[in-house]
Amino acid sequence: MISLEWNNIQDKWLRRWQEDSVFQADVDPNKQKYFLTVAYPYPNSPQHIGHGRTYTLTDVYARFKRMQGLNVLFPMAFHYTGTPILAMSERIESGDKELIQTFIDLYNVPKENIASFKEPINIAKYFHQEIKTGMIEMGYSIDWRREFTTVDSTYSAFIEWQFAKLKEKGLITIGSHPVGWCPKDKSPVGQHDTSGDVEPDIGEYTLIMFQMDNIRLPAATLRPETIYGVTNLWIRPEATYIKATVNEESWIISRETANKLQFLNMRIEIKEEFSGRELIGKKVVNPVNGNEVNIFPASFVDPKNGTGIVMSVPAHAPYDFQALKDLIAKTDELNRLGLSKELVESIKIPVIILSDNYDGVPSQKIIDKMGIKSQSDPKLEDATADLYRHEFHGGKLNDLTGKYSGMSVSGGRNAVREDLLKQKIGIIIYEIINSPVICRCGTECVVKIFENQWFIDYSNPHWKSLARKCLDKIKILPDDIKPEFDYTIGWLKEKACARKSGLGTHLPWDREWIIESLSDSVIYMAYYIISKYVNMLGIKSQQLDYNFFEYIFFEKGNLEDIATNNKIDIDTLRDIRREFVYFYPLDSRHSGRDLVSNHLTFFIFNHSAIFPENNWPHQIVVNGTVLMDGKKMSKSIGNIIPLRNAIKTYGADPLRLAILSTAELLQDADFSLTLVKTFRERIERLYDSIVWVMDSSEKSEIGNLKIEDRWIISRLNRLVLQTTDAINKLRLREAIHTMIYLFDQDMQWYLRRSKSNLDDRTSINVSVFHQILEIRVKLLAPFAPFISEEMWELLGHKSYVSVETWPKLDESKIDLEAEESENLIKNVLDDTLNIIRVTKIKPSRVVYYTSSEWKWIVYSSALSNLSLERFDFGLLIKNLMTNVSLRNRPKEVSLFAKKIVYEMKTISQDILEQKMKLGTLRENDIIKDALEFFKRELDVEVSVYSEDNPSKYDPKGRAGFSKPHRPAIYIE
Ligand SMILES: [Zn+2]
């Protein structure tokens, strides 16, 4: 087998594609356009196999659409905006050994470059080039003329316009809102700024003020209505608590709470510190009913959560119930803390929510039902969630809640909260629910009430409904993720859109702010049209005022004035406008699944606000992540392979196939190097057959087609249809499986039937083979573009396969007879080999018997009767008996019909229909024609008789077992 020089082949085609500008897309009025983009990369590290998935998937789709005759625009840019690069340069500056080692060892950055990385822009520039080269080497069919970075001044002009536009529409607000915050960077944090890319999820808690003389002990809760069911407070004895003056009141809280409250704009002065133990056994007053409740110890209290003081509602919180039970059992601890067992046992548990199926104490009931024995039982999570859901949806507050009695849980919750706030015995605080969220600088994030901050108002109800309308029209692939978008549109609130540090565009009306990275990346697809002209003509940012954008995007304003003021000639302005009208809206937006709840939803919101309906995007495609040999890729496991290293070692084409072949869109793809090698070998075998076919002399005429030729052509057409269908739905795993594995299987059968192997293919129809190979190369081209170009050239073409026409299904080449014939031969051969294997006979002779004519009549009748609305066996027999040739064997007919019908019921409708369409198969002729093949495969004398043949050789009377499509077999 040939071993290909993958890297040389890549270089050759990269050079040619570039020389001939194969992937540049401009306005072509005679061609339909297709505009697709993938989230531009953030250049703070080289791309690895994991990144390869989204980009390769997009490229395959772009190439497929191009071959379908569309004018495909696939551009690329680089997202420099934000703080992560800044944080990296600071770490380099401070001589962070770990980061420097990562750069040198894992990312292959030359040592001499490191010093320059103290300047953040140099990090971005370095990895920008690295990523771009990797994309080129991967064969991505990108129109590079449109490349830009988000810190280009011309791009900033565009973003300033976008923000002015949002402000003009009343979608930018200034105010105080809680945001995720890095105390070290003094900056809001979003998903892009945190390690592990987690979005800080901010929850709203009510602090309820329990009273100890003049001191307040605030307990944080998400369920203020349960204040009426409180039996005690929980404190962690080993934790440190403080007494502090908070906004002129005296509070006791955990030490960790003090820090958090400062960011929520409370004035705090710490007076004294003591251990939680000192609080145990004391009593506090419940502010809503004046009841005295005890303070008890609990190890599950986390001083970092809430205030480190937890109110205990045992009737409705299974954890609290179990904690009380456990406490009674721990006599030693009770003694040590000076508590009496009797005191804990004497606690009455008030039930405040009534619901179906829960008489008595609900927590107790569910704990007993689930067999929970201790606080550390993980089933407590489920018990909590189940009970909560049950009471939330069907529960009513009872008399113990006073004036709230009869309210639903959610209604009561809001009413109680409002009253607590009004009476100043409750306040609202915010906290990160999915804590700890760690900033990329290594600091744990907090919630900050951010004052006089600029927000994009995603809470605006009119905007939400516009976004929903936009979402309704967008095709989401895969479809089942659409509700996640809807859900995100629902919960999104005001989002902080600017920072005081980082790279990016300044807010045009308040220049000390820099627009952050999830806000300057929402409509940039439109800028790809402009960037081509900016790059080609050297247009400067001063030439791009708001009027320029208004004209290009909406055809507003006076063209002459815009031309004069911006020093851009009228024709150029017209060209840009024409190109925008041609390529917009975006046909397909591609991204990883983690961006659904932020970027992709912002993309929908902003398009709906800024562009008219006819320019709203058409499709969003979301894909899952990549695992390496079943494991998550991570620096610590050391299983991250930079893309460029992998290309050098394995070649881009096998890599592309391996990345896409193990999973459909939302599943995690499981990448392995074994798989890459498998694809390499399969492609090399295909290459071999092309070399062979081109070396063969007799390729001029197709000539007479044998049955196996007709069969492979028929199969080919079916596989083309299946592959096309799969790519259309972006089911690329299925497409690869069909056009590579299934096709290889068919080819093997074809070669076997044609008495062929690589050394001896004398009886193969070279022209047919040639035709098949051409189509295979075309099908492969979007997935493995380099080797496909090479093979296309080898097949004698001067064109690029990248822009060839995608093969179409030729309905007339679907040959049912050939397909059924080959099925018959394959099944008969498989059955024979099975019998030989099971019986361990060493055969000297094999005889086949094909069905009597009367059996075919019964078979056909049964088939057409089965397709009727109501199948009636009696009617079938009655009809059959009207046939003269059957009348003399009524018993046989009835028995046979029963058997046949029974079998047919296990076969799929499609196959039955196909068999019906085909009618009687000339089985005897088919097997006769294939006798040479059977002899070769079985290496014995093979003969065939019709069951009807009176002089047949049938010593054991086997012929009677024959059925249509299932000849009987005799082996001796
Ligand atoms: Zn930070």
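In the block above lies the structure referred to throughout.
The present account deals with the structure reproduced in this document. (Residues numbered from 1 in each chain as written. Predicted model: local features only at pLDDT ≥ 70, side-chain atom pairs only at ≥ 80, totals over all residues. Heavy atoms only, no water.)

### Topic: the coordination of the zinc ion
Which entries qualify depends on this criterion: With water omitted from the atoms examined, metal sites may look incomplete; donors here are N, O and S atoms no farther than 2.8 Å from the metal, or 3.2 Å in the case of Na, K and Ca. Irregular is the default label, applied whenever a site is not tetrahedral (four donors, all angles between 85 and 135 degrees) and neither square planar nor octahedral (four or six donors, opposite donors over 155 degrees apart, all other angles between 65 and 115). Helix numbers and strand numbers start at the N terminus; a helix is a DSSP run of H or I with at least 4 residues, a strand a run of E with at least 2. Burial classes follow relative accessibility: with a 1.4 Å probe on protein chains only, a residue under 20% of its type's maximum area counts as buried, one over 50% as exposed, and anything between as partly exposed.
Here the zinc ion is held by the protein donor atoms Cys182 (SG), Asp185 (OD), Cys439 (SG) and Cys441 (SG), which lie 2.2 Å from it. Metal-centred angles of 95 to 120° between the four donor atoms at the zinc ion mark the site as tetrahedral. Counting residues between consecutive donors of the zinc ion along the chain gives the motif C-x2-D-x253-C-x1-C. One end of the pair, Cys182, is in strand 3 (residues 172–182); the other, Cys441, is in the loop between strand 16 (426–432) and strand 17 (446–457), and 259 residues separate them in sequence. A residue is classified by how much of its surface remains accessible, and Cys182, at 0% relative accessible area, is buried.

### Things to note about the sheet that holds strand 3
Filter applied, for reference: Pairing between two strands is assigned when DSSP locates at least 2 bridges connecting them.
The four strands are arranged 4-3-17-19 in an open sheet whose pairing can be described as antiparallel. Two strands close off the open sheet at either side, each with one partner strand: strand 4 (187–188) and strand 19 (494–496). In terms of strand pairing, strand 17 meets strand 19 through three bridges, oriented antiparallel. By the bridge assignment, Ile456 is partnered in strand 19 with Lys495.

### Considerations on the nonpolar core
We count it as follows: Nine residue types can take part in a nonpolar core, namely buried Ala, Val, Leu, Ile, Met, Phe, Trp, Tyr and Cys, and a core is a set of them joined through side-chain atoms within 4.5 Å. Here, two residues are considered to be in contact whenever any of their heavy atoms come within 4.5 Å of each other.
One finds Ile49, Phe103, Phe783, Tyr848 and Phe934 to be the most contacted residues of the largest nonpolar core, which totals 156 residues. Excluding anything up to four places from it in sequence, Phe783 contacts Val60, Asp653, Arg656, Leu657, Leu660, Ile727, Leu732, Ala735, Ile736 and Met739.

### Here's the deal with the packing of helix 3 (residues 84–93) against helix 6 (residues 120–137)
Rules: Only C-alpha atoms enter the line fits that serve as axes; for helices the fit covers just the stretch in contact. Angles between N-to-C directions range over 0 to 180 degrees. Note on terminology: angles under 35 degrees are roughly parallel, angles over 145 are roughly antiparallel, angles of 65 to 115 are roughly perpendicular, and the others are oblique. Crossings are classed by handedness, with left-handed meaning an anticlockwise turn of the near helix from the far one by less than a right angle and right-handed meaning a clockwise turn. Any residue outside Ala, Val, Leu, Ile, Met, Phe, Trp, Tyr, Cys, Pro, Asp, Glu, Lys and Arg is labelled polar, Gly included; the first ten of those are nonpolar and the last four are charged.
The interhelical angle for the contact between helix 3 and helix 6, taken along N-to-C directions, is 110°, at an axis separation of 8 Å. Our classification of the angle between helix 3 and helix 6 gives roughly perpendicular. Considering how the two elements wind past one another, helix 3 and helix 6 form a crossing that is right-handed. From helix 3, Ile85, Leu86, Met88 and Ser89 reach across to helix 6, where they touch Pro120, Ile123 and Ala124. For the contact of helix 3 with helix 6, the per-class residue count stands at six nonpolar, one polar and no charged.

### Quick notes on the layout of surface pockets
As a reminder, the rule being used: Using protein atoms alone on a 1 Å grid, points that fit a 1.4 Å probe yet trap it form a cavity, whereas open point sets bounded by protein on both sides within 12 Å along at least five of seven lines form a pocket; residues with an atom within 4 Å of a point count as lining. Grid points are joined across faces, edges and corners, and a volume is the space filled by probe spheres set on the points.
Taken as a whole, the second largest pocket encloses approximately 1,200 Å³ of empty space. For the second largest pocket, the lining is made up of 29 residues, of which Tyr205, Ala220, Thr221, Leu222 and Val310 are closest to its centre. Elements represented by at least two residues in the lining of the second largest pocket include exactly strand 5 (202–212), strand 6 (215–221), strand 13 (309–312), helix 9 (318–329), helix 13 (379–394), helix 14 (409–422) and strand 16. For the lining of the second largest pocket, the class distribution of residues is 14 nonpolar, seven polar and eight charged.

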